[in-house]
Amino acid sequence: MTPGIVFDIKEFAVHDGPGIRTTVFLKGCPLSCVWCHSPEGKDPAPQMMHTPRGDRIAGKAYTPEALAVYLNNQVSILNANEGGVTFSGGEPLMQAAFIHSTLDLLEPVHRLLDTSGFAERHVFGDLVRRFDMVYFDLKLMDPQAHRTHTGVSNAPILNNLQILSQSGVPFVIRVPLIPTITDTDENQRAIADHVYSLPGLLRVDLLPYNQLAGAKYPMLGMVYALHDLEKHPVNLRPDLFLSKGIQVLCH
Ligand code: SF4
């Protein structure tokens, strides 16, 4: 089969799910979020990065067998630390066939999918059922605002969230709080209203804007559009979620 393209593998990760984890970052994303802090994850193909430490290629091809061998070498330590393996991106659903093949070869270990939820419904449904937990991003509830700031409709994402909530797989909603864009009271309230009654919801994570988000753009010859927001305070409203009975984690 076609190899997967991976742009990073992070070991001993503590923010990508329960316990200590190894996180695989898969290249390619159909969204174009203006705040994206992993621009090297957008293009599905390997690309050159001109970093202060020298040039390097972002994106390495793995066969499912090679990635499974790499991960299986760590399974005993991940299990001993109540952790597991996380597939992230980019958008991992763009390489769903590669993930299926890798999962087929993976030894028993907790598996988490970190996704924007943007994919065809059969691709999404078939893959999430193979995971023990899902981290699901919700960015903007207003359809036009979502299209403006991410380049795509939020309709497939909201449809896939329904599929996830009916799948029996527990999930966490992750909300990136981008000043004046996603962190408005209106948007946070709309997300709380949408998710509070969904079966399987564990909690909502509020993720304040990464002020270093623009750092990698020049290394790729890309332009970051949100430098003006780097000093802007974030509107953090956990109360809007707590008042709906939702457990909230502020990062
Ligand atoms: S979904 Fe994530 S990886 Fe894709 S463009 Fe948005 S922030 Fe970047």
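Our structure's up above, just so we're on the same page.
Calculation notes
Residues numbered from 1 in each chain as written. Predicted model: local features only at pLDDT ≥ 70, side-chain atom pairs only at ≥ 80, totals over all residues. Helix = DSSP H or I, 4+ residues; strand = E, 2+ residues; numbered from the N terminus. Rg over C-alpha atoms; globule rule 2.2 N^0.38 Å. Buried ≥ 20, exposed ≤ 12 C-beta atoms within 10 Å, placed from the backbone. Arc of directions from axis to C-beta. Axes fitted to C-alpha atoms, helices over the stretch in contact; angles between N-to-C directions. Parallel < 35°, antiparallel > 145°, perpendicular 65-115°, else oblique. Left-handed = near helix turned anticlockwise from the far one by under 90°. Contact = placed C-beta atoms within 7 Å. Nonpolar A, V, L, I, M, F, W, Y, C, P; charged D, E, K, R; others polar.

Another aspect to go through is the overall build of the protein. Tallying secondary structure elements over the protein gives eight helices and eleven strands in all. Computed over its C-alpha atoms, the radius of gyration of the protein comes to 18 Å, within 12% of the 18 Å expected for a compact globule of 251 residues. On the principal axes, the C-alpha backbone points of the protein span a range of 45 × 45 × 35 Å. Counting across all 251 residues of the protein, residues that qualify as buried make up 39%.

Now for helix H6 (residues 155-165). Buried within H6 we find Ile157, Asn160, Leu161 and Leu164. Looking down the long axis of H6, one finds its buried residues gathered within 110 degrees of arc, a one-sided arrangement. Turned more than 90 degrees away from the buried face of H6 sit Ala155 and Gln162, all of them exposed.

Our focus in this paragraph is the packing of helix H1 (residues 64-72) against helix H3 (residues 96-105). One can describe the packing of H1 onto H3 by two numbers: an axis separation of 9 Å at closest approach and a directional angle of 50 degrees. One element, H1, and the other, H3, form an angle in the oblique class. Once H1 is placed against H3, the crossing between them reads as right-handed. Residue-level contacts link Pro64, Glu65, Leu67 and Ala68 of H1 to Phe98, Ser101, Thr102 and Leu105 of H3. Here the contact of H1 with H3 is composed, by residue class, of five nonpolar, two polar and one charged.

What follows concerns unusual backbone geometry. Across residues other than glycine, the phi torsion is negative in most instances, and most of the peptide bonds are trans. Omega for the bond connecting Gly89 with Gly90 falls within 30 degrees of zero, at 20 degrees, which places this linkage in the cis form. By the element assignment, Gly90 lies in the loop between strand S6 (84-89) and H3. The phi dihedral of Glu82 falls on the positive side, at around 50 degrees, and the residue is not glycine. You can see Glu82 is positioned in the loop between helix H2 (75-80) and S6. Here Glu82 falls in the exposed class, since 11 other C-beta atoms lie within 10 Å of it.

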